[in-house]
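So you can see what is in the structure, the chains are spelled out below.
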Amino acid sequence: MGILQDFRFAFRALMRTPGLMLIAIVSLGLGIGAVTTVYTWTDRFVISPLPGVQQTSRLSYMNTGGPGGSFSSISYPVLRDWNERNRVFDGIAAFSVEQAGVRIDGPPERVFVLATTANYFDVLGVRPIMGRAFRPEDETRAAPVVVLGFGYWDRRLERDPEIVGKTLTLGGVGFTVIGVAPPKFGGSIVGLNMDLYVPVTSARSFSDKHDLTDRGNQFMEALGRLKPGVSFLAAQADMDRVERELTQLYPHEWSGARVRRVIDQGAPATMLPIFLAMLGVTALVLLIACANVANLMLARATARQKEIALRLAIGATRARVARQLLTESALLGGGGGLLGLLFAYWGRNVLMLLVPPTQFPIGMDSSLNPRVVAVASLITLLAVLVFGLMPALKGTRPDLMPVLKGVQFSGGRRQWVRQALVSGQLALSLVALTCAGLFIRAMQRAQSIDPGFQDPAHLLLVSSDLQIAGINDSTGPMVVDGLLARLRQLPGVEAAAVGRYVPLGFGGYSSQNVEVDGYLPAKDEDASVQYSVVSGQYFETMGIPMVQGRSIQDGDRPGSAPAMVVNEAFIRRFFAGRDPIGRQVTQEGRRWTIVGVARDGKYASITDPSYPLIYRPLAQSVRPDFTVHIRTAGNPKALIEPVRREFASVNANLPFLDPRSMEEQMVPSTIGQRVGSRTLAVFGALALFLAGIGLYGVMSYAVIRRRREIGIRVAVGANVATVTRMILGQGLRVAAIGIAAGAVLALLAGQALRALLLGVSPSDPLTFAVLGLILGTVAVVASLIPARRAARVDPVEVLKSE
């Protein structure tokens, strides 16, 4: 009953000051909401990156590893060896992302397919909600089968309850539907939601890269489930043993295996440092909010000194009064916590708004699961302790006799505590702003890095797939040639070409082992090199300079000698000063002659160093999927509709996919800096706003407490300027202490973020100068308003009230 009574009394007491209560709850709600929102993102990407998968802590990514920490995908034969020889995994599954055409009711539609081994769903611990998962015989039998992704079944097939047993046509081949994946499961690539799942042996009907006999065809990603009690270190040691055995069997094959946690690869590895920075900044925002509320509660406790002193004088214990004050703080904290959860619910999907448009099926379920709610509750409890404990302790120690006689003091110890809290707020806000400022500077630097090709603002990209249109390899090159001929005649088009891959976007290049004439690889050297397939005029369209020799030309046809262009990084690795022109390279069982050397560029990320890359002629390496590159004289988006019409005129079924500018294509290469700079800028601004409100509140309270003193000063001759300088000086002293302390903390925070700053100094002078000026301006404004109010105090009115 005592606790319920405390809550009823606390509620009535807070309702007597609704303005204070509202300010406190909103401040806490903003702080708690910011932390909870970022934790929701972190939970989805890092803590539980694969929803619907059982015991992700026992899952590991498996890569073919090499010297210097390098790693790559694996081949199908190597996967089978790993499964047969390891002693630490319950199973190792593999998968590959593919595109295919599905015809349901109209022209073919593109779908994203995960080609997997038969044990894929078993290794992940995923059970379909309808039908069944793959069985071992599905990987070997001729009749192809498919499992539908829940999103595709819901969106495109309208949740057909009789779908199991029906047939979907992929790439002209009928696949029998055997199951539907559960709702939250989107596959094993963090951040992607796949449409369909098929056995890897069946994917050869719509993909050209599934040579399951070539040990050098590294096209699959692998996931292993550790046996209970097996550590990652033990797993790595066992895989090292397996690789030593394989080296004995295949002495000429480069080998190596890496076992890594799920969060150490892909989106989790990329975003974890960004999320940690966000969590740090939002924690600062919450501390600033707590300091604001603590100041409000201290001011409220000071205003209630007589009430508290009277309760103590008639026998109430200090603990009993402190409990009552803490109950009031708990009510405010509970209101702030609920508001924070509401803010987090609104902001849970904001991160997706920052992800650029892409051809891949990006998706993220950021629901407020019980773990998120539990963390928000814990944050609320800690916030109540932070802002409620000090006012409760200080409010229950009044000097009884002076207070009961009605004597009150201006300034004093409590005023010093409030000023210290405000200085702390300003210091923390400078740290938050500095983190945001450094990320913005890093973003600016990333945008100024040379990508290796010219003028991306005038490049239009459109993807397509001959397989989806039902065009076979024999007629595909003629279709592409006809399309390019028409596109090159369009007004405003300066050049047009085709490339299978586009640099600086989601996805990556294919890789294959190579043998270079005159080059003897070192023991255990990774012999795989990434490659792309391009048409004539590709280098001219992209604006990639040729360093030596010639580029790929339209005359590089099937009847002519196989030709390739390599980049400078390839030359540095394999030729070391020798002339590469005319030398031969063996890849995919064919001997190719190097006819040119292209300038290095940025391929996967704008921040990565250039790596060896091969360009092969499209007509000599037919691939069904490609992207048209169009260099325009003006805005590339203005040509989207004319280009769409040319696609349709060549073949009505030829897909016109993902029209975008090269500038849009490049956005994913700096997505970490982009997300970090935008979100941290918002949180930094929020921190600055709360700190400014805190300084304004303290200075306003100081004016109220010193009205009698100010009135006397004015009465004895102090002018407006003198009073203004007195109050303004007090505020600026508080601000100066906070800014100085914040500068030191900001330098330390910058050092912690060094790895994410793309060469920007953690002590970047421009960032510190601009933010110091902004914070100083806010401090002046927040202090000047109360100072001007103090200067207008009427001494006669003040002395009469005394």
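Being a predicted model, the structure only gives us computed values, none of them experimental.

Participant: It is not clear to me how the overall build of the chain should be interpreted in this structure. Could you clarify?
Facilitator: A count of helices and strands for the chain gives 23 helices and 22 strands. In the chain, which comprises 802 residues, the proportion classed as buried is 55%. For the chain, restricting intrachain contacts to residue pairs at least 6 apart in sequence, the fraction spanning at least 24 positions comes to 81%. Of the roughly 33,400 Å² of accessible surface on the chain, 59% is carried by carbon and sulfur atoms.

Participant: Hey, could you run me through the packing of aromatic side chains in this one?
Facilitator: Two aromatic rings, taken as a pair, are described by how far apart their centres are and by the angle between their planes. By the definition in use, this model includes 19 aromatic pairs. Geometrically, the ring pair formed by Phe95 and Tyr120 is edge-to-face, given 6.1 Å between the ring centres and 65 degrees between the ring planes. Of this pair, Phe95 sits in strand E3 (residues 89-102) while Tyr120 sits in helix H4 (residues 120-124), and the two are 25 residues apart along the sequence. Per residue, the accessibility class of Phe95 equals that of Tyr120, and both read buried. A ring pair is formed by Tyr603 and Tyr611, whose centres lie 5.2 Å apart and whose planes are at 50 degrees; its orientation type is tilted. Under the relative-accessibility criterion, Tyr611 is labelled partly exposed at 23%. Three or more aromatic residues joined by ring pairs make a cluster, and in this case those are Phe95, Tyr120, Phe121, Phe134, Phe185 and Tyr197. For the cation-ring pair, Arg215 lies above Tyr250, with the distance from its terminal atom to the ring centre recorded as 3.7 Å. Here Arg348 stacks its cationic end above the ring of Tyr345, 4.0 Å away from the centre of that ring.

Participant: Help me understand unusual backbone geometry, please; the structure alone is not making it clear to me.
Facilitator: Both trends apply: most residues other than glycine have a negative phi, and most peptide bonds are in trans. Look at Glu158: it is not a glycine, yet its phi comes out positive at around 55 degrees. Inspection of the secondary structure assignment puts Glu158 in the loop between helix H5 (150-155) and strand E7 (167-170). Positioned with a positive phi, Asp455 is a non-glycine residue whose angle comes to about 50 degrees. Looking at where Asp455 falls in the secondary structure, it is placed in the loop between helix H13 (412-448) and strand E12 (459-465). Owing to a relative accessible area of 38%, Asp455 belongs among the partly exposed residues under this scheme.

Participant: Would you mind showing me how to read the nonpolar core here?
Facilitator: Generally speaking, soluble globular proteins have nonpolar side chains that are buried together. Ranked by internal contacts, the top residues of the largest apolar core, which has 91 residues, are Tyr120, Phe121, Phe185 and Tyr197. By residue number, the principal contributor to this core is helix H19 (residues 671-705), which donates 13 residues. Once you skip the residues sitting within four places of it in the chain, Phe185 turns out to touch Pro51, Val53, Tyr120, Phe121, Leu124, Val126 and Tyr197. Counting residues in each nonpolar core, the second largest holds 44 residues, with Tyr76, Val177, Ala235 and Val259 among its members.

Participant: Where do I start with the pairing of strand E20 (residues 613-617) in this structure?
Facilitator: The side chains of a regular strand alternate between the sheet's two faces. For E20, the tally of buried residues reaches five of five residues, placing the bulk of the element in the interior. Burial along E20 is two-sided: Leu613, Tyr615 and Pro617 facing one way and Ile614 and Arg616 facing the other are all buried. Bridge analysis of strand E15 (residues 528-534) against E20 gives five bridges, and the strand direction is parallel. Counterpart to Ser532 in the pairing with E20 is Tyr615. With two bridges connecting them, strand E17 (residues 563-567) and E20 associate as antiparallel partners. Residue pairing across strands places Val565 opposite Tyr615, the latter belonging to E20.

Participant: I tried to follow the packing of helix H3 (residues 76-85) against helix H6 (residues 232-249) on my own but got confused; where do I start?
Facilitator: How two helices sit against one another is set out by the angle between their axes and by the gap between those axes. H6 packs onto H3 with a crossing angle of 120 degrees between their chain directions and a minimal axis gap of 10 Å. If you check the angle between H3 and H6, you find them oblique. Pair H3 / H6 crosses with right-handed handedness. Contacts between H3 and H6 pair Asp81, Trp82 and Arg85 from the former with Met239, Arg241, Val242, Glu243, Glu245, Leu246 and Leu249 from the latter. Residue composition of the contact of H3 with H6, by class: five nonpolar, no polar and five charged.

Participant: Hey, could you run me through the pattern of salt bridges in this one?
Facilitator: One side chain can pair with another of opposite charge once the charged atoms of both are near each other. Scanning all chains against the criterion turns up 28 salt bridges. The residue Asp43 makes a salt bridge to Arg371 at a minimum N-O spacing of 2.5 Å. Residue Asp43 is found in helix H2 (residues 18-47), and its partner Arg371 is found in helix H11 (residues 370-395); the two are separated by 328 residues along the sequence.

Participant: Before we go on, may I ask you to explain helix H22 (residues 765-791) in this structure?
Facilitator: Since the α-helix advances by 3.6 residues per turn, residues separated by three or four positions end up pointing in the same direction. Taking 1.5 Å as the rise per residue, H22 with 27 residues should run 39 Å; its terminal C-alpha atoms sit 38 Å apart, in good agreement. Where H22 bends most, the angle comes to about 25 degrees, and this point is Leu784, followed within four residues by the proline Pro786. Taken as a whole, H22 has its buried residues at Thr767, Leu771, Leu775, Ala779, Ala782, Ser783, Pro786, Ala787, Ala790 and Ala791.

About the cut-offs
Residues numbered from 1 in each chain as written. Predicted model: local features only at pLDDT ≥ 70, side-chain atom pairs only at ≥ 80, totals over all residues. Heavy atoms only, no water. Helix = DSSP H or I, 4+ residues; strand = E, 2+ residues; numbered from the N terminus. Buried < 20%, exposed > 50% of the residue type's maximum accessible area, 1.4 Å probe, protein only. Contact = heavy atoms within 4.5 Å. Areas by Shrake-Rupley, 256 points an atom, 1.4 Å probe, with all protein chains shown as cover. Phe/Tyr/Trp six-rings, centres within 6.5 Å; stacked < 30°, edge-to-face > 60°. Lys NZ or Arg CZ within 6 Å of the ring centre and 35° of its normal. Core = buried A, V, L, I, M, F, W, Y, C linked by side-chain atoms within 4.5 Å. Pairing = 2+ DSSP bridges. Axes fitted to C-alpha atoms, helices over the stretch in contact; angles between N-to-C directions. Parallel < 35°, antiparallel > 145°, perpendicular 65-115°, else oblique. Left-handed = near helix turned anticlockwise from the far one by under 90°. Nonpolar A, V, L, I, M, F, W, Y, C, P; charged D, E, K, R; others polar. Salt bridge = Lys/Arg side-chain N within 4 Å of Asp/Glu carboxyl O. Expected span 1.5 Å × (residues − 1). Bend = angle between axes of the 7 residues up to and from the residue.

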